[in-house]
Amino acid sequence: MHKLKIKILTLILLAQILITGLFLGILCRADPLSIKAEYGDPPEIDGIIDIGVNEWDGAVKEGLYLYRNLTNPKNGLRLDLWILQTENNLFICIQFELEDHNSPAYFHEFVGFLISDSDTTNHEDFIDAKIVQFNNISSGDYFYTDFYIDNDNFYSDSIQDGNGAAKLEENSIIYEFSLPIRKNETNTEDSYLNFGQYARKAFKIVFGTSEVSYDGFSVQNDVIIELQFPPFIPPLSITEILLLTFNIIIFGGIGGFYIYYIYKLTQLKKEIKRIKR
């Protein structure tokens with residue numbers, strides 16, 4: 001009986017180890033977060049979320065962790081991510097908190113993202129990078145740089161594409177980005193953002209405190225962003241066009257008659273004043 005209990009406990013322990021191993025394996029190989037961008041009013045890229053004008057209210061908002069090692073996701077940096085698009089631009093907002101923001105180690109802090117040439121997250125597929133980095137985070141002095149990536153090296157683009165800004169408030173920091181959505185592929189130094197077959201792109205969000213390089217990324221994670229076609233607005237039917245034209249003629253005529261009436265009334269008043277004199 002005692003031996004039977006030991007065998008049962010051993011089998012339970014082995015099953016638990018097997019299930020835990022499979023579960024961790026699934027977590028480590030989990031697909032990146034996939035986000036479909038929503039249309040909304042374009043925000044101002046200034047590192048500030050203006051609640052008074054409901055800025056970023058139309059965006060998709062997700063929580064995400066950045067990790068030092070994506071195959072061993074531990075002790076991640078928690079951030080909030082907003083994704084918004086218009087017909088011409090993709091907007092990205094990143095917000096997180098750190099107690100050490102004002103320490104010298106973070107004076108040159110940067111946040112940005114690498115953009116793949118497709119929806120795959122293979123290392124060699126990331127060819128483009130948009131980075132906002134501080135010269136001195138205490139003074140709020142930052143700069144935006146558009147890079148292209150060649151053999152793991154980061155080179156500043158000949159044409160700086162897009163825009164970015166950042167602002168620190170106590171321990172909370174906000175990074176905002178704006179990227180053009182192109183109708184034609186004209187710049188080989190940038191990943192081509194468009195609709196249709198080019199709609200899905202892999203983005204690697206990165207955070208660092210020194211130089212912009214693969215070795216300089218403290219934590220990172222991948223997301224897939226899918227751009228949506230502009231909302232379809234059906235053309236006016238012939239009946240609607242005729243009705244609109246009729247309304248313009250009628251109300252235009254009434255408006256013209258009212259203006260003429262006011263004019264004649266004014267002239268009559270002038271004539272009455274002249275007679276009284």
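Here the residue numbering is sequential within each chain, running from 1 through the sequence in written order. Where local features are concerned, this predicted model is filtered to residues with pLDDT of at least 70; where side-chain atom pairs are given and counted, the filter is 80 or more; whole-chain, interface and lining totals use all residues. Hydrogens and water molecules were not included; the side-chain quantities draw on all heavy atoms of the structure.

## Side note on empty space enclosed by the protein
As a reminder of what qualifies: Within this scheme a cavity is a closed region of a 1 Å grid, computed over the protein atoms alone, that accommodates a 1.4 Å probe without allowing it to escape, whereas a pocket is open but has protein on both sides within 12 Å along at least five of seven lines; lining residues each have an atom within 4 Å of a point. Grid points are joined across faces, edges and corners, and a volume is the space filled by probe spheres set on the points. Counting from the N terminus, the helices are DSSP H or I runs at least four residues long and the strands are E runs at least two residues long. Under the convention adopted here, Pro, Cys and the residues Ala, Val, Leu, Ile, Met, Phe, Trp and Tyr are nonpolar, Asp, Glu, Lys and Arg are charged, and Gly plus all remaining residues are polar.
All told, the structure shown has 1 cavity of 30 Å³ or more when counted by the stated rule. By volume, the largest cavity is sized at about 60 Å³. Lining the largest cavity are Ile115, Asp128, Lys130, Asp161, Leu179, Pro180, Arg182, Asp190, Ser191 and Leu193. Of all the elements in the fold, those that place two or more residues in the lining of the largest cavity are strand S7 (126–136) and strand S11 (172–180). For the lining of the largest cavity, the class distribution of residues is 4 nonpolar, 1 polar and 5 charged.

## Some thoughts on the pairing of strand S12 (residues 200–208)
The condition that has to hold: Each residue gets one of three labels from its accessible area relative to the maximum for its type: buried under 20%, exposed over 50%, partly exposed in between, using a 1.4 Å probe on protein chains only. Note on pairing: two strands pair once DSSP finds at least 2 bridges between them.
The element S12 is extensively covered by neighbouring structure, given that 8 of its 9 residues are classed as buried. Examined bridge by bridge, strand S6 (residues 110–116) and S12 share 6 bridges and lie antiparallel to one another. Note on S12: the bridge partner recorded for phenylalanine 110 is glycine 208.

## Considerations on the sheet that holds S6
Put simply, the rule reads: To obtain each axis, a line is fitted to C-alpha atoms, and for helices this fit is confined to the stretch in contact; angles are then taken between N-to-C directions over 0 to 180 degrees.
Pairing within the open sheet is mixed, and its 7 strands lie in the order S1-S13-S12-S6-S7-S8-S9. Among the strands making up the open sheet, the edge pair consists of strand S1 (33–36) and strand S9 (153–156). Sheet twist, expressed as the average angle between the axes of neighbouring strands with direction ignored, equals 30°. Sheet analysis places S7 next to strand S8 (residues 141–150), joined by 8 bridges and oriented antiparallel. Pairing of lysine 130 across the sheet is with aspartate 146, part of S8.

## Some remarks on the side chain of aspartate 146
Heads up, the condition is: It only takes one pair of heavy atoms within 4.5 Å for two residues to be counted as in contact.
Along the polypeptide, aspartate 146 turns up in strand S8. Judged by relative accessible area, which is 0%, aspartate 146 ranks as buried. If we skip the residues at most four places from it in the chain, aspartate 146 touches Asp128, Ala129, Lys130, Tyr155, Ser156, Asp157, Ile159, Gln160, Asp161 and Asp190.

## Comments concerning the side chain of aspartate 190
Rule in force here: Distance and chemistry together define a polar contact, namely a pair of N or O atoms within 3.5 Å, with one atom able to donate a hydrogen and the other to accept it when in protein, and with adjacent residues in sequence counting only for side-chain atoms on both sides.
Tracing the backbone shows aspartate 190 in the loop between S11 and S12. Separated by 2.8 Å, the side chains of aspartate 190 and lysine 130 make a polar contact. In this structure, aspartate 190 is in contact with Asp128, Lys130, Asp146, Asp157, Asp161 and Arg182, ignoring residues within four places of it in sequence.

## Examining the packing of aromatic side chains
For any pair of aromatic rings, the description consists of the separation of the ring centres together with the inter-plane angle of the planes. This is how the line gets drawn: Put simply, two rings from Phe, Tyr or Trp (the six-membered ring, in Trp's case) pair if the centres are within 6.5 Å, and we call them stacked under 30 degrees between planes, edge-to-face over 60, tilted for the rest. Geometrically, a lysine NZ or arginine CZ counts as sitting over a ring once it is within 6 Å of the ring centre and also within 35 degrees of the ring normal.
Taken as a whole and assessed by the stated rule, the structure comprises 15 aromatic pairs. When the centroid spacing of 4.8 Å and the interplanar angle of 65° are considered together, the rings of phenylalanine 113 and phenylalanine 177 count as edge-to-face. Of this pair, phenylalanine 113 sits in strand S6 while phenylalanine 177 is found in strand S11, placing the two residues 64 residues apart along the sequence. With respect to burial, phenylalanine 113 and phenylalanine 177 carry one shared label: buried. Geometrically, the ring pair formed by phenylalanine 154 and phenylalanine 217 is edge-to-face, given 5.9 Å between the ring centres and 90° between the ring planes. Highlighted residues: phenylalanine 154 in strand S9 and phenylalanine 217 in strand S13 (residues 217–226), separated in sequence by 63 residues. Cluster of aromatic residues (ring-pair linked, three or more members): Phe96, Tyr106, Phe134, Tyr142, Tyr175 and Phe207. Against the face of tyrosine 65 rests arginine 78, its NZ or CZ located 6.0 Å from the ring centre.

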